[in-house]
Amino acid sequence: MKLQPFKKAIVSILIIGSIGMPPMNAEAAASPNAIVMAASLNVRSKPEMQSPIVGSLKQNTVVVISQESYGWIKIKAGNTSGWVAGQYLKMLNVNNSDKSTKTSVKNNEVTMKGSTTVLADSLHMRQGPGTQHAVVSVLTSGASLAVLDRQQDWMQVRTKDGVSGWVLSKYVGEKSNDTVIASSSSKGLKGKMIVVDPGHGGSDIGTQGKKYGSHEKSLNLSTAQYLVDKLRQAGAQVTMTRTGQEENPSLADRVAMSQKKQADAFVSIHYNSSPKANSGTLTFFYSNTKDMPLARKIEAQLNRSLDLKSNGISFGNYHVLRENARPSVLVELGFLSNAKDEMLVKSSSYQKKAADAIVNGLQDYFRG
């Protein structure tokens, strides 16, 4: 898959834990922080298992990320720098090194302008009043916020933990029985709004099969159509970001549809590519709190149901996930660069199985 402008091929070198590795060449925010989850994590000189070990990091060490490549992440922590396997890192929502993410003044130096509550399932807090600013945290429904300032459609707020930033005013306020931004409380898929995103389209074909010449954009659309049919049969409300081969909405438009529809879940369908002989599926998330629970449920069903192996779940810094305030995942359903994968995934039987697995994963997610 070639998700513009961020998406490149990912090579799963070593996926052991339930948290998979980040995608190759995924767009990284400026000096993002992460924390080491393993008891001891080897740091290597190059992004490969055979390269020399240049250091070791203890659990809970905070590192600064500078680059991602083939499932490995280049980090720096103190005097130690090198490459580590990404599944042993947990991305931090707040960049503590950025002075703008925390209120550094005392309470008596801030003119408070009231308080408010997060109404959306999840809400991006940004460094400034606009979507062009970096996300510093993802707030959950019901979080209480102190209001510091207002600017047109944006509100500057501070959390109880002292993290400050800007949020869209329409997603905060006083809770009431009329609030419809939060997800429906019903179990299962009945009545849920699902936005299905067939990646690429139009002149952007995505990746292309090396043996049979399959176009990713076509496989994405046909798989998405099977998924939509099965979701509707399960009682869900469904919207697609594109319904035809020649359509290619921008990444921002795809996210805007998710926001406008107040999606209970956003699922982006793709097929993968790699310069190496990789095979299988991979499920991407961006936010640990907003997206990871959904990614885990869908990945578990893909792993259980498909003839291709699952390579787990992985952090993915993609626009349709990063800029999406709704629970979102991006699924890679096989490698078109692998002849055996391509032969399998271009069949309608495989695509229907994949659609069934995603539906079952969504059912599990909404059942809690």
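Everything discussed here concerns the structure shown above.
Quick caveat: nothing in here was measured; it's all calculated off a predicted structure. (Residues numbered from 1 in each chain as written. Predicted model: local features only at pLDDT ≥ 70, side-chain atom pairs only at ≥ 80, totals over all residues. Heavy atoms only, no water.)

Participant: Please explain the overall build of the chain as it appears in this structure.
Facilitator: When its secondary structure is counted, the chain shows 6 helices and 21 strands. When burial is assessed residue by residue, the chain has 55% of its 368 residues classed as buried. In the chain, 72% of the contacts between residues at least 6 apart in sequence involve partners at least 24 apart. Entry remark: accessible area of the chain is about 15,800 Å², with carbon and sulfur atoms responsible for 47%. (Helix = DSSP H or I, 4+ residues; strand = E, 2+ residues; numbered from the N terminus. Buried < 20%, exposed > 50% of the residue type's maximum accessible area, 1.4 Å probe, protein only. Contact = heavy atoms within 4.5 Å. Areas by Shrake-Rupley, 256 points an atom, 1.4 Å probe, with all protein chains shown as cover.)

Participant: What exactly am I supposed to notice about the nonpolar core here?
Facilitator: For soluble globular proteins, nonpolar side chains are generally found buried alongside one another. Of all hydrophobic cores here, the largest spans 65 residues; its most connected members are L231 and L362. Broken down by element, this core gets its largest block of residues, 8 residues, from helix α6 (residues 348–367). The residues touching L231, leaving out its near neighbours within four places in the chain, are L189, I194, V196, A236, V238, V359 and L362. Counting residues in hydrophobic clusters, the runner-up holds 14 residues, among them M125, V136, L145 and V163. (Core = buried A, V, L, I, M, F, W, Y, C linked by side-chain atoms within 4.5 Å.)

Participant: In this structure, what is going on with the environment of V157? I would like to understand it.
Facilitator: On the secondary structure map, V157 appears in strand β13 (residues 154–158). Discounting chain neighbours no more than four positions away, the residues touching V157 are T116, M125, L145, A146, V147, L148, V163, S164, G165 and V167.

Participant: Would you take a moment to explain unusual backbone geometry for this structure?
Facilitator: In most cases, non-glycine residues show a negative phi, while peptide bonds are predominantly trans. Despite not being glycine, Q152 shows a phi value in the positive range, around 55 degrees. Along the chain, the position of Q152 falls in the loop between β12 (144–151) and β13. At H200, a residue that is not glycine, the phi angle is positive and equals roughly 65 degrees. Tracing the backbone shows H200 in the loop between β16 (193–198) and α1 (216–233).

Participant: What's the story with α6 in this structure? I'm lost.
Facilitator: Side chains that are three or four residues apart share a direction in an α-helix, a result of its 3.6 residues per turn. For α6, with 20 residues, the first-to-last C-alpha span of 29 Å sits near the 28 Å given by 1.5 Å per residue. Taken together, the buried positions of α6 are Y350, Q351, A354, A355, A357, I358, V359, G361, L362, Q363 and F366. Positive phi shows up at G368, right after α6, with a value of about 80 degrees. (Expected span 1.5 Å × (residues − 1).)

Participant: In this structure, what is going on with the pairing of strand β10 (residues 122–126)? I would like to understand it.
Facilitator: Every regular strand shows the same layout, with side chains that alternate between the two sheet faces. Burial analysis of β10 places 5 of its 5 residues in the buried class, the great majority of the element. On β10, burial covers both faces: S122, H124 and R126 on one face and L123 and M125 on the other are all buried. Taken together, the 5 bridges between β10 and strand β11 (residues 135–140) define a ladder with antiparallel strand orientation. Looking across to β11, one finds that M125 is bridged to S137. (Pairing = 2+ DSSP bridges.)

Participant: Mind showing me how you'd approach the pattern of salt bridges here?
Facilitator: Side chains that carry opposite charge are capable of pairing whenever their charged atoms lie near each other. What the rule picks out here adds up to 7 salt bridges. The residue D307 makes a salt bridge to K353 at a minimum N-O spacing of 3.7 Å. On the criterion of sequence distance, the pair formed by D307 in the loop between α3 (292–305) and β20 (310–315) and K353 in helix α6 is long-range, its members being 46 residues apart. A relative accessible area of 56% means that D307 is categorised as exposed. (Salt bridge = Lys/Arg side-chain N within 4 Å of Asp/Glu carboxyl O.)

Participant: What am I meant to see in α1 here?
Facilitator: The end-to-end C-alpha distance of α1 is 26 Å, a good match for the 26 Å that 18 residues give at a rise of 1.5 Å each. Of the residues making up α1, those classed as buried are E216, K217, L219, N220, L221, T223, A224, L227, V228 and L231. Its buried side turned inward, α1 meets β16, β17 (237–240), β18 (265–272), β21 (328–335), α5 (339–345) and α6. Where α1 ends, the next residue or the one after it, G235, has phi of about 95 degrees, a positive value.

Participant: Even after reading the chapter, I still don't get the packing of aromatic side chains, so can you show me in this structure?
Facilitator: Here the distance between the centres and the angle between the planes together describe a pair of aromatic rings. As enumerated under the stated definition, the model contains 3 aromatic pairs in all. With a centroid separation of 5.5 Å and 35 degrees between ring planes, the pair formed by Y286 and F315 is classed as tilted. A residue pair is termed long-range when its members are at least 10 positions apart, and Y286 in the loop between β19 (281–285) and α3 and F315 in strand β20 qualify at 29 residues. For the pair Y286 and F315, a shared accessibility class is recorded, and that class is buried. Ring centres of Y365 and F366 lie 5.0 Å apart, and the angle between their planes is 65 degrees; on these two criteria the pair is classed as edge-to-face. The class for Y365 is partly exposed, based on a relative accessible area of 22%. Directly above the ring of F366 sits K192, whose terminal nitrogen or CZ lies 4.9 Å from the centroid. (Phe/Tyr/Trp six-rings, centres within 6.5 Å; stacked < 30°, edge-to-face > 60°. Lys NZ or Arg CZ within 6 Å of the ring centre and 35° of its normal.)

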